[in-house]
Amino acid sequence: MAETGDVDNPTFLSVTPGGSHVYANSEVFTWREGVVSAYRFDRQTGTLSYINKQPTLGSITAHNTVTRDGTKLLVANYGMGEGGPDRSLVVYGLRDDGGLTAPLSSVAHSGTGPDAARQERPHAHSVTETIAGGVTMVADLGIDRLVSYRIGPDGGLTRLAESALAPGAGPRHVALHPGGRFVFVMNELDSTVVSLALDEASGRLTEIDTKPAVPAAARDGNHCADIQISPDGRFLYGSNRGHDSVVVFSVDQQTGTLALVDHAPCGGATPRNLALTPSGRHLFSANQNADRISILARDAATGRLTDTGRFIDIGTPMCVKIVR
């Protein structure tokens, strides 16, 4: 097992497809500007080696992702407080050694939402590149929008479209259908899951269906978090903090509409993040307030989840990534 204590409050990380490099955000509420750190991972020795870090040009750095061509890292800043830089999305180049270049470009969102406590300003929560690549979508919880950008070869960003969701929805994380046609969004504030059709050329998203992520009686005390899709694109999995469950939906492969399958117990408390194994046979639930990553078995035919009783004890798990 590799371990490092050098990263201040790491809350989200990305791993390159081969598992050779890790990029970890530091989300520290007292900092006016976050950082993202690059590490090399040696599988044979099980060691993490620090390469470098870069400022994120914004506060409460929430999410990052490696571009599909492996040349850039995209970082989303949730943003809170005053003073310091306030960029919503930042692009970095990846050096030959896996280190981060200085920021290549950045953009800032503007606007508010109807929830005065949570939507007093933009809050970019995640950044997701399309299956075809070259276009990325930022889920902004503060303004109830998915904002699409084209990424240039030099890392430049061109805004393509802003797609509005229901007022007060609070979009947090995004999953992509492997066929590239559909996009699925987990809304934190109103506890819903939305399916949308993607126009790749324009970057515009058109809503298809919206379903509640929890039973009506549990809605007031729930805050949705992560969303994942099965390798075959037939089932969606979303984490419910408060209801402490993983909601399971089936996906109509022609229309993109959703049908509720189950609410499976997450095996702990406050499921912050989910990860499906490459085979799709298991789902890992990072249960933040239970200090446990629970391992759930997945039925590929029905999509249903069953707690295996196996788990990983670890303090305050925030993000889990599985690499082949």
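Residues numbered from 1 in each chain as written. Predicted model: local features only at pLDDT ≥ 70, side-chain atom pairs only at ≥ 80, totals over all residues. Heavy atoms only, no water.

**Student:** Teacher, can you tell me more about the overall build of the protein here?
**Tutor:** If you tally the helices and strands in the protein, you get 0 helices and 24 strands. The globule rule puts the C-alpha radius of gyration for 324 residues at 20 Å, and the 18 Å found for the protein is close to it. In terms of overall dimensions, the protein has C-alpha extents of about 45 × 45 × 35 Å along its principal axes. Among the 324 residues that make up the protein, the fraction classed as buried is 53%. Taking the intrachain contacts of the protein between residues at least 6 apart in sequence as the baseline, contacts between residues at least 24 apart amount to 47%. Of the side chains in the protein, 28 bear a positive and 34 a negative charge, and the two mean positions are spaced by 3 Å. (Helix = DSSP H or I, 4+ residues; strand = E, 2+ residues; numbered from the N terminus. Rg over C-alpha atoms; globule rule 2.2 N^0.38 Å. Buried < 20%, exposed > 50% of the residue type's maximum accessible area, 1.4 Å probe, protein only. Contact = heavy atoms within 4.5 Å. Lys, Arg positive; Asp, Glu negative; His and termini not counted. Charge placed at Lys NZ, Arg CZ, Asp CG, Glu CD.)

**Student:** It is not clear to me how the pattern of salt bridges should be interpreted in this structure. Could you clarify?
**Tutor:** Should the charged atoms of two oppositely charged side chains come close, the side chains can pair. Overall, the coordinates contain 11 salt bridges when judged by the stated rule. Among the ionic pairs, Glu-188 bridges to Arg-241, the shortest N-O distance being 3.3 Å. With Glu-188 in the loop between β14 (182-187) and β15 (192-198) and Arg-241 in strand β18 (residues 235-241), this pair connects stretches of sequence that are 53 residues apart. Asp-313 serves as the salt-bridge partner of Arg-292, at 3.9 Å between the closest nitrogen and oxygen. One end of the pair, Arg-292, is in strand β23 (residues 292-298); the other, Asp-313, is in strand β24 (residues 305-313), with 21 residues separating them in the sequence. Taking relative accessible area as the criterion, Asp-313 reaches 58% and is therefore assigned exposed. (Salt bridge = Lys/Arg side-chain N within 4 Å of Asp/Glu carboxyl O.)

**Student:** I would appreciate a short explanation of the state of the cysteines in the present structure.
**Tutor:** By definition, a disulfide is the covalent link that joins the sulfur atoms of two cysteine residues. Enumeration according to the criterion identifies 0 disulfides in this entry. Between Cys-224, a cysteine without a disulfide, and Cys-266, which holds the nearest cysteine sulfur, the sulfur-to-sulfur distance is 13 Å. Free cysteine: Cys-319, not disulfide-bonded; nearest cysteine sulfur from Cys-266 at 16 Å. (Disulfide = S-S within 2.5 Å.)

No statement about biological role is implied by the geometric values presented.
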